[in-house]
Number of protein chains: 2
Amino acid sequence: MYENGVAGTSTEDILKAARVSSPSQLYHYFGDKKALVQAVIEYQTEHVLGFQRPLLGRLDSFEGLQAWRDAVVRAQHARDCRGGCPLGSLAAELSDTDPQARARLVAGYAQWQDAIREGLRAMRERGALDADADPDRLALALLTALQGGLLMTQAHRDTTALETVLDAMIERIRCHATGRA
Amino acid sequence: MYENGVAGTSTEDILKAARVSSPSQLYHYFGDKKALVQAVIEYQTEHVLGFQRPLLGRLDSFEGLQAWRDAVVRAQHARDCRGGCPLGSLAAELSDTDPQARARLVAGYAQWQDAIREGLRAMRERGALDADADPDRLALALLTALQGGLLMTQAHRDTTALETVLDAMIERIRCHATGRA
DNA sequence: CGGGAAATAGAATGTCAAGTCTAAAAACTC
DNA sequence: GAGTTTTTAGACTTGACATTCTATTTCCCG
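The rules behind each value
- Residues numbered from 1 in each chain as written.
- Chains lettered and ligands numbered in written order.
- Predicted model: local features only at pLDDT ≥ 70, side-chain atom pairs only at ≥ 80, totals over all residues.
- Helix = DSSP H or I, 4+ residues; strand = E, 2+ residues; numbered from the N terminus.
- Near = placed C-beta within 6 Å.
- Nonpolar A, V, L, I, M, F, W, Y, C, P; charged D, E, K, R; others polar.
- Axes fitted to C-alpha atoms, helices over the stretch in contact; angles between N-to-C directions.
- Parallel < 35°, antiparallel > 145°, perpendicular 65-115°, else oblique.
- Left-handed = near helix turned anticlockwise from the far one by under 90°.
- Contact = placed C-beta atoms within 7 Å.
- Least-squares fit on C-alpha atoms with pLDDT ≥ 70 in both.
- Expected span 1.5 Å × (residues − 1).
- Bend = angle between axes of the 7 residues up to and from the residue.
- Buried ≥ 20, exposed ≤ 12 C-beta atoms within 10 Å, placed from the backbone.

(A) Structural view of the overall build of chain A. Within chain A, the regular secondary structure consists of 8 helices and 0 strands. Secondary structure elements of chain A, listed N to C terminal, follow the sequence α-α-α-α-α-α-α-α. Projected onto its principal axes, the C-alpha coordinates of chain A cover approximately 65 × 30 × 30 Å.

(B) Summary view of the protein's contact with DNA strand C. In the vicinity of DNA strand C lie 15 residues, with A:Ser22, A:Ser24, B:Ser10, B:Thr11 and B:Lys33 positioned nearest. Secondary structure elements with two or more residues in the surface near DNA strand C: α2 (23-29) of chain A together with α1 (11-17) and α2 (23-29) of chain B. Ranked by residues supplied to the surface near DNA strand C, first place goes to α2(A) with 4 residues. Of the residues in the surface near DNA strand C, the class split is 4 nonpolar, 8 polar and 3 charged.

(C) Expanded view of the protein's contact with DNA strand D. Taken together, 15 residues sit near DNA strand D, with A:Ser10, A:Thr11, A:Lys33, B:Ser22 and B:Ser24 positioned nearest. Of all the secondary-structure elements, those providing two or more residues to the surface near DNA strand D are α1 (11-17) and α2 of chain A together with α2 of chain B. The residue makeup of the surface near DNA strand D, split by class, is 4 nonpolar, 8 polar and 3 charged.

(D) Region of interest: the packing of helix α6 (residues 99-125) of chain B against helix α7 (residues 135-156) of chain B. Residues and elements named next belong to chain B. α7 packs onto α6 with a crossing angle of 125° between their chain directions and a minimal axis gap of 8 Å. In terms of their interaxial angle, α6 and α7 are classed as oblique. The interaxial crossing formed by α6 with α7 has right-handed handedness. Here Tyr109, Trp112, Gln113, Ile116, Arg117, Leu120, Arg121 and Arg124 of α6 lie close against α7, whose contacting residues are Pro135, Asp136, Leu138, Ala139, Leu140, Leu142 and Leu143.

(E) Focus on the relation of the copies chain A and chain B. The operation relating chain A to chain B is a screw motion whose rotation component is 180°, with 0.0 Å of axial translation and a residual RMSD of 0.1 Å. The two molecules are tied by a two-fold rotation axis, judged by turn and shift. Minimal C-alpha distance to the rotation axis in chain A is attained by A:Gly148, lying at 1.7 Å.

(F) Molecular detail of the interface of chain A and chain B. Across the boundary between the two partners, chain A contributes 42 residues, which contact 42 residues of chain B. Mapped onto the side of chain A that touches chain B, the elements with two or more residues apiece are α5 (86-94), α6 (99-125), α7 (135-156) and α8 (160-174) of chain A. Here the side of chain A that touches chain B takes 14 residues from α7(A), the largest share from any one element.

(G) Geometry of α8(A). For α8(A), built from 15 residues, the straight-helix expectation of 21 Å at 1.5 Å per residue is met to within 8% by its first-to-last C-alpha distance of 21 Å. On its buried side, α8(A) packs onto α4 (62-78) and α7 of chain A together with α7 and α8 (160-174) of chain B.

(H) Expanded view of helix α3 (residues 33-57) of chain A. All names here are of chain A. An ideal rise of 1.5 Å per residue puts 36 Å on 25 residues; α3 measures up with 35 Å between its terminal C-alpha atoms. Roughly 30° is the biggest bend found in α3, and it falls at Phe51, with proline Pro54 one to four residues downstream. Close packing links the buried residues of α3 with α4, α5 and α6.

(I) Geometry of the packing of α7(A) against α8(B). At a minimum axis separation of 8 Å, α7(A) and α8(B) run at an interaxial angle of 90°. In this view, α7(A) runs roughly perpendicular relative to α8(B), as classed from their interaxial angle. Contact residues: α7(A) offers A:Arg137, A:Leu140, A:Ala141, A:Thr144 and A:Ala145, while α8(B) offers B:Ala161, B:Thr164, B:Val165 and B:Ala168. Across the contact of α7(A) with α8(B), the residue classes break down as 6 nonpolar, 2 polar and 1 charged.

(J) Examining the environment of A:His156 more closely. Along the chain, the position of A:His156 falls in helix α7. Sequence separation of A:His156 and A:Glu118 is 38 residues, and the distance between their C-alpha atoms is 32 Å. In this structure, A:His156 is in contact with A:Ala161 and B:Val106, ignoring residues within four places of it in sequence.

(K) Inspection of unusual backbone geometry at higher detail. Look at A:Arg157: it is not a glycine, yet its phi comes out positive at around 55°. If you trace the backbone, A:Arg157 turns up in the loop between α7 and α8. Not every positive phi belongs to a glycine, and B:Arg19 is a case in point at roughly 45°. Along the chain, the position of B:Arg19 falls in the loop between α1 and α2. Looking at B:Arg19, the number of C-beta atoms within 10 Å reads 6, which means it is exposed.

What follows is the structure in structure tokens.
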């Protein structure tokens, strides 16, 4: 579903990928395709957070922020710039048509934003950021910029846009670096 | 297609929307659905640029940039935060599976980025921006941030993320304002 | 080992969508 | 206004896909 979209993934594709030879299995474990999609969203949320939390959890300096940026860029390179964001792709496809999916995606984004915010807050507590920096707003801006960067990466098959927008946001945050305001 | 996705839009839906009562018409004017999708991308590209160019063409100050931001936010409100970006939604759905669509989308983004760049360049020429500001990079960052903002708006049904990321980018550009570096 | 519950197979159904085909209507040309 | 081309109707074909059903197998527990 990540590779071909929800609509572009048939139950048969799923069975094949799961190396399972009967639809009854799928319908035994999931009520229907929508329920399966919900599970996919949960799975992808955990996957993304699993990747991001280690990097965000110990932000203490701009080097840490840069390391996060580099890891994200590298991850997209590693997958040939295909696929965009695991949550973003689903959000684009489902937000307007599947309310339950949208709700779960919003919840996923909230967790993600939390993780970023906590990282930035840690930075602030360690004195790398000014007291007037707003971790919540900066986290939302960073996450949003990242979503755009991942979408543009997918379209361009090139990480330039992602790098540029993340660098710009990090520069923006640097305006709040101690001893600069 | 903008509202329900390409996959979620049947030929019948199209006939109904066009108030036409025969598939033969569709296939007379378009070879197949993919060709129609190409036309939709072109149409949406023109639509977006038609909306953006007037705002971007006469950027001469930060007020102009702010006016652009406000117009974008208002436009999303006007459509109840549904639908995301006319190009971005298509990009998310088609980039990985339809190479021709991807090519056209990339071309559309290039035109869009051009328009933003020219606006920023005008700002620089009018002395609102430093000579060391790079309109090309800033334009790419701005467009990318906007894509993320529109996607998040669609998911959250709320323009906060869009506002926040655009404000952050504009602040970032303001770092290049004359008499500030 | 034996009997009940859970899991799996695989065929089958119904729906819907993309695209085709034949023929009729309109428009254009001379 | 006859003949030709373009455009439109509308039925039809084909295939795919989500979901269901019946039957069989496997597992679990005493």
